[in-house]
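# Notes for the structure review
Residue-level listing of the chains:
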Amino acid sequence: MRPADAGREVTVCGWVDSARDHGGLLFVDLRDRSGIVQVTIDPGRSPDVWSGARHWRGEWTVGVRGRVGLRAAGNENPRLPTGEVEIVPAQVEVFGKARPLPFQPGDASVEETTRLRYRYLDLRRPALQDNLRLRHRLIAAVRATCDGEGFVEIETPTLTRSTPEGARDYLVPARTAPGSFYALPQSPQLFKQLLMIGGLERYYQIARCWRDEDLRADRQPEFTQLDVEMSFIGPEDVMGLGERVVRAALAAAAGIDLGGPLPRLPYAEALARYGSDKPDLRVPLEIADLTEAFAATAFEGFGAALRSGGVLRALRVPGGAALARRELDALTADARGRGAGGLAWFLYGGEGDLRGGGPPCRSPIAKFLSPDELRAIAAAGRPAPVEAGDAVLAVADRPEVAAPVMGWLRLWAADRFRLREPGAVWRAAWVTDFPLLEWNGEERRFVAVHHPFTAPHPDDLALLASGPGHVRALAYDLVLNGTEVGGGSIRNHDADVQAAVFAALGLGPEEAREQFGFLLEALSYGAPPHGGIAFGLDRLAMLAAGADSIRDVIAFPKTARAADPMTGAPAPVAERQLRDLGLRVVPPVR
Ligand code: ASP
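Quantities reported herein were computed from a predicted structural model and do not represent experimental measurements. (Residues numbered from 1 in each chain as written. Predicted model: local features only at pLDDT ≥ 70, side-chain atom pairs only at ≥ 80, totals over all residues. Heavy atoms only, no water.)

### Looking at the overall build of the protein chain
Helices and strands together make up the secondary structure of the protein chain, namely 16 helices and 22 strands. C-alpha extents for the protein chain along the principal axes are approximately 95 × 75 × 55 Å. When the 590 residues of the protein chain are sorted by exposure, 48% land in the buried category. Of the roughly 28,800 Å² of accessible surface on the protein chain, a fraction of 52% belongs to carbon and sulfur atoms. Counting 69 positive and 76 negative side-chain charges, the protein chain places the centres of these two groups 5 Å from one another. (Helix = DSSP H or I, 4+ residues; strand = E, 2+ residues; numbered from the N terminus. Buried < 20%, exposed > 50% of the residue type's maximum accessible area, 1.4 Å probe, protein only. Areas by Shrake-Rupley, 256 points an atom, 1.4 Å probe, with all protein chains shown as cover. Lys, Arg positive; Asp, Glu negative; His and termini not counted. Charge placed at Lys NZ, Arg CZ, Asp CG, Glu CD.)

Following this line, the structure appears as structure tokens:
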């Protein structure tokens, strides 16, 4: 309702946002999904309406019928889009009264468990409704883009067999087969592959997935994926489609522009340059590798690590010379806590060692390094050279320790010195060439980095038996502002290659047949080359909405303990239900 609507006869239904009695005149702010409008009631002019509305309280549902009028000069409210008009009702009606609320819907300071207990009240908060509308636009754009490219939306079962995505399953006891269980799918992985073998060629689904994991801010026991699979394609086709879908979805959801073509970062390069396989590219700092420059170093602090196959990685921290000794000590302790043997630091500017050629350098270890080595440290700045006022932080260690420690330092420096590109900046990249397998020390075997159906890089096939840890996968992740938002791979469509991957995972032919016989069998009846990807819709919506938690973009989320305080789920069931299922509850072993 705007001034142009003045004189219109309207009916408005909604919630009483507030009711104020101003010396006789009654002002009611009426709220619905589209916003707030003021209703003005004058007891002198309409005593019936006044007596019908004078007891209204916050959060009652009411309806008014009346005429839109312009507010008297001086009474406008510039903060409301409807602030120049008011409704003068001829008739009012109460639909539903409200008891005093446990909290005011606008009050986001209330403890989250309480807000989840009364989620339907919290949902009256406009910010939360906006998030759900954003999510709707995102999904609508996903559907439009996939439909436009000839993809078919197909539902897959939720009562199924366990899918090995690496998490614990949610199990559903089967009444018809006591002692047997369905598993809720961790993803539709096997079904979408079977759809390809079934000849569908282009599949997508807005799929609900379940993983029984310990929860964090960006995890929920059930979550939603945009799941895609395609046939007769290669990695570029999947990444191309994925990119088009995500671009369209983010643009529709929040007007986000991902910019030009997204960079491709091989996994090894991402770890070396950014210390992470999900680098935050809003941070304009890169890690330098100084291993070669220190190959013959006389400084034992680095030499010992380098001689046993370690690397020396260094990071320029703009402004870092301001770090106090206390802070550097704390940082060193933190780096140790993350497994590093130590942390070397070099502060530039003021008075210091001049042998490195750059600005004067202060460091407890400078005196142990040669001029060439000091020069290498001073040249470690990426992308910009070291200047007076900067610091260089360095770690010499095994690459699997040095990379993540440097990655953590890079993000720490970004926070400490506010180095992230300011404002709503979106930096996305594809990370490719992940390793196929990684060694799991606890289980003493190789496990799949993505999942067991991922195809090895064809150039690395021969390594599968001789050096499984060195095989690259045809797998790719989409990373947005330091968050993994999607991942997928080309699959094994050749039953022999799939069997070889199972073998590398320590799954003998018998076990493989027992668990995945249906897949191996299907692959033997003419399977197309195929691959796909899945995007975390909750995470995409969270990022697009600028929310801190995926709970803010899910209508009815669960707590960090996987509970729903509103319905009380999970809850015990009746003895009879257990009997039907052939189950008996055993007290938990503590
Ligand atoms: N099923 C995989 C996942 O949920 C995605 C894929 O490989 O397409 O991560």
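After that view, the rundown keeps rolling.
### Digging into helix α14 (residues 509-523)
Compared with the 21 Å implied by 1.5 Å per residue over 15 residues, the 15 Å span of α14 between its first and last C-alpha is markedly short. Bending of α14 peaks at approximately 95 degrees at the position of F516. Buried within α14 are the following residues: A512, F516, G517, L519, L520, A522 and L523. Among the structural elements, α5 (189-197) and α13 (495-504) are those in contact with the buried residues of α14. (Expected span 1.5 Å × (residues − 1). Bend = angle between axes of the 7 residues up to and from the residue. Contact = heavy atoms within 4.5 Å.)

### Some details on the packing of aromatic side chains
Under the definition given, this model contains 12 aromatic pairs. On the numbers, 5.2 Å between centres and 40 degrees between planes, the contact of Y267 with F434 is tilted. Here Y267, found in helix α7 (residues 267-274), pairs with F434, found in the loop between β17 (428-432) and β18 (437-440); they are 167 residues apart in sequence, far enough to count as distant. We classify F434 as buried; its relative accessible area is 7%. Within the aromatic cluster, the residues linked to one another by ring pairs are F294, F299, F302 and F368. In this arrangement the basic side chain of R117 is found over the ring face of Y118, its NZ or CZ atom lying 4.4 Å from the centre. Over the aromatic face of F417 sits the side chain of R416, whose NZ or CZ is 4.7 Å from the ring centroid. (Phe/Tyr/Trp six-rings, centres within 6.5 Å; stacked < 30°, edge-to-face > 60°. Lys NZ or Arg CZ within 6 Å of the ring centre and 35° of its normal.)

### Notes on a nonpolar patch on the surface
On the surface, L171, F181 and L583 cluster together into a nonpolar patch covering about 270 Å² of accessible area. Relative to the helices and strands, L171 resides in strand β7 (residues 170-173). (Patch = residues over 30% accessible without salt bridge, like charges linked within 9 Å, V, L, I, M, F, W, Y side chains within 5 Å. Salt bridge = Lys/Arg side-chain N within 4 Å of Asp/Glu carboxyl O.)

### Section: the sheet that holds strand β16 (residues 391-397)
With antiparallel pairing, 5 strands are arranged side by side in an open sheet as β12-β13-β16-β14-β15. Strands at the two margins of the open sheet, each flanked by one partner only, are β12 (287-289) and β15 (361-362). Taken together, the 3 bridges between strand β14 (residues 344-353) and β15 define a ladder with antiparallel strand orientation. In the strand pairing of β15, L347 is matched with R362. Contacts from helix α9 (residues 325-337) reach β14 and β16 within the one sheet, and its direction differs from that of β14 by about 160 degrees. Running at roughly 5 degrees to strand β13 (residues 311-317), helix α11 (residues 399-416) makes contact with β12, β13 and β16 of the sheet. (Pairing = 2+ DSSP bridges. Axes fitted to C-alpha atoms, helices over the stretch in contact; angles between N-to-C directions.)

### Focus: unusual backbone geometry
A cis amide bond links R382 to the next residue, P383, at an omega of 0 degrees. As for its placement among the helices and strands, P383 is situated in the loop between α10 (371-378) and β16. With an omega dihedral of 0 degrees, the bond running from A569 to P570 counts as a cis peptide bond. As for its placement among the helices and strands, P570 is situated in the loop between α15 (537-545) and α16 (575-581). With a phi close to 75 degrees, E59 is a non-glycine residue in the positive phi region. Within the fold, E59 resides in the loop between α1 (47-53) and β4 (61-70). Positive phi, normally seen in glycine, also occurs at D433, with a value near 55 degrees. Secondary-structure assignment places D433 in the loop between β17 and β18.

### Brief notes about the site of the ligand
What surrounds the ligand is a group of 14 residues, the closest being E165, Q189, K192, H450 and R491. Side-chain polar atom of K192 to an oxygen atom of the ligand: 2.6 Å apart, as the coordinates give it. The set of elements that each furnish at least two residues to the shell around the ligand consists of α5, β21 (483-490) and β22 (530-536). When residues in the shell around the ligand are grouped by element, the largest group, 3 residues, is from β22. The residue inventory of the shell around the ligand, partitioned by class, reads 2 nonpolar, 8 polar and 4 charged. (Near = heavy atom within 4 Å. Polar contact = N/O pair within 3.5 Å; in protein donor to acceptor, adjacent residues only side chain to side chain. Nonpolar A, V, L, I, M, F, W, Y, C, P; charged D, E, K, R; others polar.)

### With respect to the pattern of salt bridges
Pairing between side chains of opposite charge can happen when their charged atoms approach one another. Scanning all chains against the criterion turns up 41 salt bridges. Among the ionic pairs, R416 bridges to E327, the shortest N-O distance being 2.5 Å. Linking R416 in helix α11 with E327 in helix α9, this pair joins segments that are 89 residues apart in sequence.

### Some words on the sheet that holds strand β6 (residues 152-153)
If you trace the 8 strands from one edge of the open sheet to the other, you get β6-β9-β10-β22-β21-β20-β17-β11, paired in mixed fashion. Unpaired on one side and paired on the other, β6 and β11 (264-266) mark the two borders of the sheet. Strand direction decides the pairing type here: β6 and strand β9 (residues 202-210), joined by 2 bridges, are parallel. By the bridge assignment, V152 is partnered in β9 with Y203. Taken strand by strand, helix α4 (residues 126-148) contacts β6, β9 and β10 (222-231), and its axis lies near 150 degrees from that of β9.

### Here's the deal with the environment of L578
Structurally, L578 is set in helix α16. On the basis of relative accessibility, which here comes to 12%, the residue L578 falls in the buried class. In the structure, L578 is positioned 302 residues away from S276 in sequence and 47 Å away in space, judged by C-alpha atoms.

### Some points on the nonpolar core
When a protein is soluble and globular, its nonpolar side chains tend to lie buried together. In terms of nonpolar packing, the biggest core is built from 45 residues, with L226, L250, L258 and L480 touching the most fellow members. Of the residues forming this core, the biggest block, 8 residues, is contributed by helix α6 (residues 235-254). Filtering out sequence-adjacent residues up to four positions away, L258 remains in contact with V246, R247, L250, W426, A428 and L480. Judged by nonpolar contacts, the second largest core, of 31 residues, contains A475, V479, F502 and L520. (Core = buried A, V, L, I, M, F, W, Y, C linked by side-chain atoms within 4.5 Å.)

### Concerning the pairing of strand β19 (residues 445-448)
Note on strand geometry: in a regular strand, side chains alternate between the two faces of the sheet. Direction of pairing for β18 relative to β19: antiparallel, over a ladder of 4 bridges. Residue pairing in the sheet places E438 in a bridge with V447 of β19. As consecutive antiparallel partners, β18 and β19 are separated by 4 residues, and within that stretch R444 has a phi angle of approximately 50 degrees, a positive value.

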